[in-house]
Protein chains: 2
Amino acid sequence: MSETQLFVKPPLLKTFLQALFQQTGMPVDDAAYSAQALVTTNLWGIDSHGVLRTPIYVQRLRTGAVNPRPNMRITGNDRALQLMDGDNGLGFVVGRAAMEQAINLARRFSIGAVGVVDSNHFGAAGLYARLAADQEMIGIVLTNVRPNMVAPGGSRPISGNNPLAIGAPTYGEFPFVLDISMSNAAGGKILLARQKGEKIPFDWATDRHGRPTDDPHEGFAGFLLPVGGHKGLGLSYAIDLLCGLLTGGAFQHDLRSMYAQPDDPSLTGHFMLVINPQAFLSKEALRQRLSDFYGTIHASPMWDRDQKMMIPGELEHQTAVERGRSGIPLSQSLVAELRTLGQDVGIEAPF
Amino acid sequence: MSETQLFVKPPLLKTFLQALFQQTGMPVDDAAYSAQALVTTNLWGIDSHGVLRTPIYVQRLRTGAVNPRPNMRITGNDRALQLMDGDNGLGFVVGRAAMEQAINLARRFSIGAVGVVDSNHFGAAGLYARLAADQEMIGIVLTNVRPNMVAPGGSRPISGNNPLAIGAPTYGEFPFVLDISMSNAAGGKILLARQKGEKIPFDWATDRHGRPTDDPHEGFAGFLLPVGGHKGLGLSYAIDLLCGLLTGGAFQHDLRSMYAQPDDPSLTGHFMLVINPQAFLSKEALRQRLSDFYGTIHASPMWDRDQKMMIPGELEHQTAVERGRSGIPLSQSLVAELRTLGQDVGIEAPF
């Protein structure tokens, strides 16, 4: 944790990542979007899903495990629910296309959804929820991942910590964006506790046999536990039902992990649901009501003066403003890794 | 907890409740459905949302706080997202009508949703998710309640523990039904700890000032905490956005509680979303895939032999089979309360 950090200006970072993606054969626009998505995620402070992941994405594009030029197609019916085949494209590219199509459906039908098969890891789910919010829509984003959570009492992973994101307009400086996974804690938090030599709560993780542990070493080598026990587990099942089962795609153990199976398509599914809030209310009425809603949250009194009542997405907005000025902090080891990734193909890092 | 219990046969109980509802002026069919909904909830073992609540529903119907003969109307647009005015009817009646309409929309558009304003407490959300599952649909049911949860660090309730239920077909003996609220623990569990003289975990509830407590007396007099901290809180905001804000209905503190404000319409909102899983797959393919999905869950190994891996809805199904034989256990005090409720209007309890 005490490793020196380099602060890199977002545009420099984006240009470099885009060049890396383009070199793999991705079209310019797709490469630009994917690069910006990673940078945006770091701007929000969600470092676990940002630039840190570049090496695995680029490696998979270079080997052809991920298709740099997917031929994405709507294969399902043409009513308010549609099916998209991602043709094994990078998750950012497929995710954006699916969300844009779901927004189109919501414009036509007031509500619309797109189920996606044959995609890959798409980074932070909040990226796509925000695409909807930026169009004054309510967006719900689901994706499935290979089982990494055990049920309480179980000895083997039974479901993924399948993320869920919800975006909604605020008509203010930043949209409402909730982005959560169905595990109690992220793997990164367990790693952090291990680095600090701290115990972890018993409801974060199990050892490799599924047994409760408060030892971060055992927990990191073991499995995640669902948030709220049966609540998070049940939601993770439902997300897999929508992303994988309903779509005719892969689910449960048929999914692949990009780290454990780097040479395989991940067979990831997504489900993008969009609701047009102007179906019932005028924009002016919505603006007023949303302002009341968020205002009530902000005005709610706190006994703990170290805590501030924020709405989902507010912390990310503040971090983005701050990092837009200071640059994005990258560890020396990540910087070295990125430089090497460029040098392999004759692209020089501008930092 | 050691109070003697009477085991009442479900049909007897249903007949009696139906008579109570009809006497308030409800149409026969609505009274029959509402009575069966309460009995079904007890059959599932969800006693906190079943017959126990009869007195408050009947009282509110008698005083006119709830409208026994609502004129429910579709007031919104006629695309895949519609708005329903519940005309202050009993939540069971309005909830059923809204879900039936959402199922119709899903038949036409493959996905459909109905936002509902001006309803009341509708019992267990799982009732309506199950209506969808029984029609081979995937149903998502949301409702908003008056704020009863504090944010960690907050000193006053900021959002309700807004329930969410998801139903899906299994083509087996019982459907998948997940029914969860956004608080970490139900009020009933805190009450139980108080009766047993046990401490409660610090993440269940706060005292009346929003401060953490492990004392069940203080916790019961205080407020609930959200499941997974910001995760459950964020989901509860999103549910209120969909049920209350988007629909033009009441949200946050404008909602009423049927216990705290028994003479007021509760202004409850609902959001019923239905997806037709046969949009993409044949029934035969779905049946096979669902069987694989649930089979994988059932076959997952357990290290804890006291735990059995079940799918959401399975425990409720087993309890219903058992209580269908043994009868529904009601406490002596509840039986006395029900008898009095009948005697007030000349209806004799058949138990």
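Fair warning: this is a prediction, and the values are worked out from it, not measured in the lab.

Student: Summarise the overall build of chain A; cite the residues concerned and give the values.
Tutor: Within chain A, the regular secondary structure consists of 11 helices and 11 strands. Against the compact-globule benchmark of 20 Å for 351 residues, chain A has a radius of gyration of 20 Å, which places it among compact chains. For chain A, the C-alpha atoms occupy an extent of roughly 50 × 50 × 45 Å along the three principal directions. By the burial criterion, 59% of the 351 residues in chain A qualify as buried.

Student: Can you explain the relation of the copies chain A and chain B? Please cite residues and give values.
Tutor: For the match of chain A to chain B, the screw axis carries a shift of 0.0 Å, the RMSD comes to 0.0 Å, and the turn is 180 degrees. The superposition of one copy onto the other is thereby described by a two-fold rotation axis. Every residue of chain A has its C-alpha some distance from the rotation axis, and the shortest such distance is that of Gly-228 of chain A, at 3.2 Å. Same-surface contact between copies: 100% of interface residues of chain A are shared with the interface of chain B.

Student: Just give me the short version of the nonpolar core, but keep the residues and values in it.
Tutor: Formed by 220 residues in total, the largest nonpolar core has its most connected members in Phe-21 and Phe-271 of chain A together with Phe-21 and Phe-271 of chain B. Here this core takes 11 residues from helix H4 (residues 91-109) of chain B, the largest share from any one element. Ignoring any residue separated from it by four or fewer positions in sequence, one finds Phe-271 of chain B in contact with Ile-275 of chain A together with Leu-81, Ala-113, Val-114, Gly-115, Ile-140, Val-141, Leu-142, Leu-242, Cys-243 and Leu-246 of chain B.

Student: Outline the packing of aromatic side chains, supporting the account with residue identities and numerical values.
Tutor: Tallying each qualifying case throughout the model produces 15 aromatic pairs over all chains. Ring geometry for Phe-16 of chain A and Phe-351 of chain A: centres 5.4 Å apart, planes at 85 degrees, overall edge-to-face. One end of the pair, Phe-16 of chain A, is in helix H1 (residues 10-23); the other, Phe-351 of chain A, is in the segment after helix H11 (332-343), with 335 residues separating them in the sequence. Counting every residue linked through ring pairs, the aromatic cluster contains Phe-176, Phe-293 and Tyr-294 of chain A together with Tyr-237 and Phe-251 of chain B. For Arg-96 of chain A, the ring lying beneath its charged end belongs to Tyr-33 of chain A, and the centroid distance is 4.4 Å.

Student: Describe the interface of chain A and chain B, listing the residues and the values that go with them.
Tutor: Each side of the interface is counted separately: chain A has 78 residues, and chain B has 78 residues. Together, the buried faces of chain A and chain B total about 6,400 Å²; carbon and sulfur atoms form 73% of this surface. For the chain A face of the interface with chain B, the top three residues by lost area are Phe-280, Phe-293 and Trp-303 of chain A, together amounting to 13%. There are zero salt bridges connecting chain A and chain B. Our enumeration of links across chain A and chain B arrives at 30 residue pairs in polar contact (both at pLDDT 80 or more). Elements with a contribution of two residues or more to the side of chain A that touches chain B: strand E3 (81-85), helix H4 (91-109), strand E4 (111-119), strand E6 (164-168), strand E7 (176-180), helix H8 (230-245), strand E10 (268-275) and helix H9 (283-299) of chain A.

Student: Go over helix H11 (residues 332-343) of chain B with me, naming the residues and quoting the values.
Tutor: Residues and elements named next belong to chain B. The end-to-end C-alpha distance of H11 is 16 Å, a good match for the 16 Å that 12 residues give at a rise of 1.5 Å each. All buried positions along H11 are accounted for by Leu-334, Val-335, Leu-338, Leu-341 and Gly-342. The arc that holds the buried residues of H11, viewed along the axis, is 120 degrees, so those residues lie on one side.

Student: So, the pattern of salt bridges: which residues are in play, and what are the values?
Tutor: Counting across every chain of the model gives 22 salt bridges over all chains. Note that Asp-134 of chain A and Arg-130 of chain A form a salt bridge whose closest N and O atoms lie 3.7 Å from each other. Within this pair, Asp-134 of chain A and its partner Arg-130 of chain A are both found in helix H5 (residues 126-134), separated by four residues, close to a single helical turn. A relative accessible area of 48% means that Asp-134 of chain A is categorised as partly exposed. Residue class for Arg-130 of chain A comes out partly exposed when judged on its relative accessible area of 26%. For Arg-256 of chain B, the salt bridge goes to Asp-264 of chain B, with nearest N and O atoms at 3.6 Å. Of the residues examined, Arg-256 of chain B reaches a relative accessible area of 28% and is grouped as partly exposed. Owing to a relative accessible area of 30%, Asp-264 of chain B belongs among the partly exposed residues under this scheme. One salt-bridge network, held together by shared partners, links Asp-29, Asp-30 and Arg-96 of chain A.

Student: I'd like a description of the sheet that holds strand E7 (residues 176-180) of chain B, backed by residues and values.
Tutor: All names here are of chain B. Strand order in the open sheet formed by seven strands is E2-E3-E4-E10-E5-E6-E7, with mixed pairing between adjacent strands. Looking at which strands have only one partner, the edges of the open sheet turn out to be strand E2 (73-74) and E7. Across two bridges, E2 lies against strand E3 (residues 81-85) in antiparallel orientation. In the strand pairing of E3, Ile-74 is matched with Met-84. Of the strands in this sheet, strand E4 (111-119), strand E5 (138-143), strand E6 (164-168) and strand E10 (268-275) are in contact with helix H8 (residues 230-245), which crosses E5 at around 90 degrees.

Student: Would you mind going over unusual backbone geometry in detail, with residue names and values included?
Tutor: Residues and elements named next belong to chain A. Here the phi dihedral of Asp-87 falls at roughly 50 degrees; this positive angle occurs in a residue that is not glycine. Within the element layout of this structure, Asp-87 appears in the loop between E3 and H4. You will see that Ser-110, though not glycine, has its phi angle at about 75 degrees, which is positive. With respect to the secondary-structure elements, Ser-110 resides in the loop between H4 and E4. On the basis of relative accessibility, which here comes to 1%, the residue Ser-110 falls in the buried class.

Student: If you had to explain the packing of H9 of chain A against H8 of chain B to someone new, which residues and values would you point to?
Tutor: Contact geometry of H9 of chain A with H8 of chain B gives a least axis separation of 12 Å together with a crossing angle of 145 degrees. As for how H9 of chain A packs across H8 of chain B, the hand of that crossing is right-handed. Counted together, Leu-286, Arg-289, Leu-290, Phe-293, Tyr-294 and Ile-297 of chain A of H9 of chain A and Tyr-237, Asp-240, Leu-241, Gly-244 and Leu-245 of chain B of H8 of chain B form the full contact between these two elements. The class makeup of the residues in the contact of H9 of chain A with H8 of chain B is eight nonpolar, one polar and two charged.

Reading guide: rules and limits
Residues numbered from 1 in each chain as written. Chains lettered and ligands numbered in written order. Predicted model: local features only at pLDDT ≥ 70, side-chain atom pairs only at ≥ 80, totals over all residues. Heavy atoms only, no water. Helix = DSSP H or I, 4+ residues; strand = E, 2+ residues; numbered from the N terminus. Rg over C-alpha atoms; globule rule 2.2 N^0.38 Å. Buried < 20%, exposed > 50% of the residue type's maximum accessible area, 1.4 Å probe, protein only. Least-squares fit on C-alpha atoms with pLDDT ≥ 70 in both. Contact = heavy atoms within 4.5 Å. Core = buried A, V, L, I, M, F, W, Y, C linked by side-chain atoms within 4.5 Å. Phe/Tyr/Trp six-rings, centres within 6.5 Å; stacked < 30°, edge-to-face > 60°. Lys NZ or Arg CZ within 6 Å of the ring centre and 35° of its normal. Buried area = accessible area lost by both parts, 1.4 Å probe. Salt bridge = Lys/Arg side-chain N within 4 Å of Asp/Glu carboxyl O. Polar contact = N/O pair within 3.5 Å; in protein donor to acceptor, adjacent residues only side chain to side chain. Expected span 1.5 Å × (residues − 1). Arc of directions from axis to C-beta. Pairing = 2+ DSSP bridges. Axes fitted to C-alpha atoms, helices over the stretch in contact; angles between N-to-C directions. Left-handed = near helix turned anticlockwise from the far one by under 90°. Nonpolar A, V, L, I, M, F, W, Y, C, P; charged D, E, K, R; others polar.

In short, shape yes, function no, at least from these values alone.
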